[in-house]
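So you can see what is in the structure, the chains are spelled out below.
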Amino acid sequence: MRILGIESSCDETAAAIVEDGRRILSNVIASQADEHKQYGGVVPELASRRHCENILPVVRKALDDAGMTIGDVDGIAVTYAPGLIGALLVGVSFAKGLAMMSGKPLIPVHHTEGHAAANYLVHPDLKPPYLGIIVSGGHTRIAEILDYTTFRTVGKTRDDAAGECFDKCARAMGFPYPGGVHVDQAAQRGDASAFRLPRIKMEGNPYDFSFSGLKTYIVNLLHNAEQCHKTVNCDDLAAALQKDIAETVTAKTIAAAKELGYRTIALSGGVSANSGVRSCLEAACRENGFAFYMPPVSLCGDNAAMIAAQGYYNYLAGITADETLNAVASKELRGESA
Ligand code: KG4
Ligand code: ZN
């Protein structure tokens, strides 16, 4: 079964064809990052306009690259939530029109569930149940992936996502948007022990995350240094920040796996491209004898292949939509209330 995936939740217009949820036939991404860079972050209105311009050529290229026409696809999967509402609406409206015109089933996909499905594209042996850790610019979440379409959140961020913390700290350090990757590069030159960053202690669910305190601490540290005309070694600071986030993500994920009895962990989301997060969690899984999966860096960020992969499993589970499908800016995982 061949699914066309469409993704437009933030600043990437993407389309892909995936066979049986596992094999990429084409994968096209038109990134707007260079344009948003001059504003230091994504400008929602601009993102929507660019999606409108890009969506038709991107979908056409995905079909062309796979050597297919719309008549050859078995379903159209689209990210409908969560994300920038105007951006999501472009993909959802386009997918609805295409589904109506072609008579193909329309399959709604939750963006976070899509990130988790990126692992299916490269790990044929990965099958639920397992514990997912999804770390992106908008979300940080540990979730039991009970079967391909049943998710149960174990813990999530109470404020900023890890990617938001990376990006805002990167901006304060003078790196361009999106800053996460620049922090990663700087961290590899730096000495993490040069700074002692505060570790957030939280009451309640031990698997929840909070990154806003760390973000504020670093932004204030840089601001105060600037006011006192002191220089800060940003390589060292980046290394300390990356170590802090990697260790926090790893400690909570391993503890949750132990408590819930999972021996398989899969990392995903844009921040899963981070070298510190990847190596820290991989090492901890090895130490504990857990099977560990993560996507290649090329499939960590937003793409439509992951949406098509999850779309395939949604379709098998009977999760389809009609022309009343709407975009939703903020939405919990399937079956969970906000
Ligand atoms: O999943 P994603 O592409 O978009 C959302 O769904 O939010 O994640 C984007 C986030 C951004 O915050 C970006 O800076 C971060 O992933 N990111 C990284 C790295 N590559 C991307 N953060 C740290 N290190 C990286 N190498
Ligand atoms: Zn994403």
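Each chain carries its own residue numbering, running from 1 in the written order of its sequence. For naming, the first written chain is A and the first written ligand is 1, with later ones following in the order written. It should be noted that, the model being predicted, local features are given only for residues of pLDDT at least 70 and side-chain atom pairs only at 80 or more, the latter also being counted only at that level, while totals for whole chains, interfaces and linings use all residues. Only hydrogens and water are removed before side-chain values are computed, so all heavy atoms of the structure are retained for them.

**Thoughts on the coordination of the zinc ion (ligand 2)**
Binding of the zinc ion (ligand 2) to the protein goes through His111 (NE2), His115 (NE2) and Asp302 (OD), at separations of 2.0 to 2.1 Å. For the zinc ion (ligand 2), all donor residues lie on one chain, and their spacing in sequence is H-x3-H-x186-D. Taken together, the residues His115 in helix α4 (residues 111-117) and Asp302 in the loop between β10 (291-293) and α10 (305-316) connect sequence positions 187 residues apart. Each residue's exposure class comes from its accessible area (1.4 Å probe, protein chains only) as a fraction of the maximum for that residue type: buried when under 20%, exposed when over 50%, partly exposed otherwise. A relative accessible area of 2% means that His115 is categorised as buried. A donor here means an N, O or S atom no more than 2.8 Å from the metal, or no more than 3.2 Å when the metal is Na, K or Ca. Since water is not included, a site may seem to lack partners. The secondary structure listing takes helices from DSSP runs of H or I that are at least 4 residues long and strands from runs of E that are at least 2 residues long, numbered from the N terminus.

**Observations concerning unusual backbone geometry**
It is generally the case that most residues other than glycine have a negative phi and that most peptide bonds are trans. Of the consecutive residues Pro128 and Pro129, the connecting peptide bond is found in the cis state with omega at 5°. Here Pro129 is to be found in the loop between α4 and β6 (130-135). Of note, the amide linkage connecting Tyr177 to Pro178 takes the cis form, showing an omega dihedral of -10°. Within the fold, Pro178 resides in the loop between α5 (162-172) and α6 (180-187).

**What to know about α10**
Multiplying 1.5 Å by the helix residue count minus one yields the expected span of that helix. Its twelve residues give α10 an end-to-end C-alpha distance of 17 Å, which sits within 8% of 16 Å, the value for a rise of 1.5 Å per residue. When you tally the buried positions in α10, you get ten out of twelve residues, the bulk of the element. When we look at burial in α10, the residues that qualify are Ala305, Met306, Ile307, Ala308, Ala309, Gln310, Gly311, Tyr312, Tyr313 and Asn314. Looking one or two residues past α10, Gly318 carries a phi angle of roughly 85°, positive in sign.

**What to know about the environment of Ala256**
Relative to the elements of secondary structure, Ala256 occurs in helix α8 (residues 234-260). Distance in space between the C-alpha atoms of Ala256 and Ala143 is 9.4 Å, their sequence separation being 113 residues. The contact partners of Ala256, leaving out residues within four places of it in the chain, are Leu131, Ile142, Val154 and Tyr207. Contacts were defined at the residue level, with two residues in contact if any of their heavy atoms lie within 4.5 Å.

**Some words on the domain arrangement of the protein**
Along its sequence, the protein is organised into domain 1 (2-118 + 299-316) and domain 2 (128-294). Contacts between domain 1 and domain 2 engage 19 residues on the former and 19 residues on the latter. Summed over both partners, the accessible area lost on bringing two parts together, with a 1.4 Å probe, is the buried area. Approximately 1,500 Å² of surface area, both sides summed, lies buried where domain 1 meets domain 2, with 67% of it carried by carbon and sulfur atoms. Here a salt bridge means any side-chain nitrogen of Lys or Arg lying within 4 Å of a carboxyl oxygen belonging to Asp or Glu. One can count zero salt bridges joining domain 1 with domain 2. Polar contact criterion, stated in full: a pair of N or O atoms within 3.5 Å, where within protein one must be able to donate a hydrogen and the other to accept it, and residues adjacent in sequence count only if both atoms are side-chain atoms. Here domain 1 and domain 2 share five residue pairs in polar contact (both at pLDDT 80 or more) between them. Here the side of domain 1 that touches domain 2 takes four residues from α4, the largest share from any one element. Note that the domain bounds were set by an automatic or database domain assignment.

**Concerning the site of ligand 1**
Within the structure, ligand 1 sits among 17 residues, and His115, Gly137, Asp167, Asp184 and Asn274 are positioned closest to it. Between ligand 1 and His111, the relevant distance is 3.0 Å, taken from an oxygen atom to a side-chain nitrogen or oxygen of the residue. Look at ligand 1: alone it shows 550 Å² of surface, and the protein chains cover 85% of it. Those elements that provide at least two residues to the shell around ligand 1 are α4, α5 and α6. Residues are grouped as follows: Ala, Val, Leu, Ile, Met, Phe, Trp, Tyr, Cys and Pro are nonpolar; Asp, Glu, Lys and Arg are charged; every other residue, Gly included, is polar. Class assignment for the residues of the shell around ligand 1 results in four nonpolar, ten polar and three charged. Throughout this document, a residue counts as near a molecule or strand when at least one of its heavy atoms sits within 4 Å of that molecule or strand. Working definition of accessibility: Shrake-Rupley area with a 1.4 Å probe, residue cover restricted to the visible protein chains.

**Thoughts on the packing of aromatic side chains**
Pairing of aromatic rings covers Phe, Tyr and the six-membered ring of Trp, with a centre-to-centre limit of 6.5 Å; geometry is then stacked below 30 degrees between planes, edge-to-face above 60, and tilted otherwise. According to the stated counting rule, one finds six aromatic pairs in the structure shown. When the ring of Tyr120 is compared with that of Tyr130, the centres are 6.4 Å apart and the planes differ by 80°; the resulting orientation is edge-to-face. Pair noted here: Tyr120 is in the loop between α4 and β6 and Tyr130 is in strand β6, with a separation of ten residues, a long-range link. Aromatic side chains Tyr148 and Tyr313 sit 3.8 Å apart centroid to centroid with 5° between the ring planes, which places their arrangement in the stacked category. Pair noted here: Tyr148 is in the loop between β7 (140-147) and β8 (150-156) and Tyr313 is in helix α10, with a separation of 165 residues, a long-range link. A residue is classified by how much of its surface remains accessible, and Tyr313, at 9% relative accessible area, is buried. What links up through ring pairs into an aromatic cluster is the set Tyr120, Tyr130, Tyr148, Tyr312 and Tyr313.

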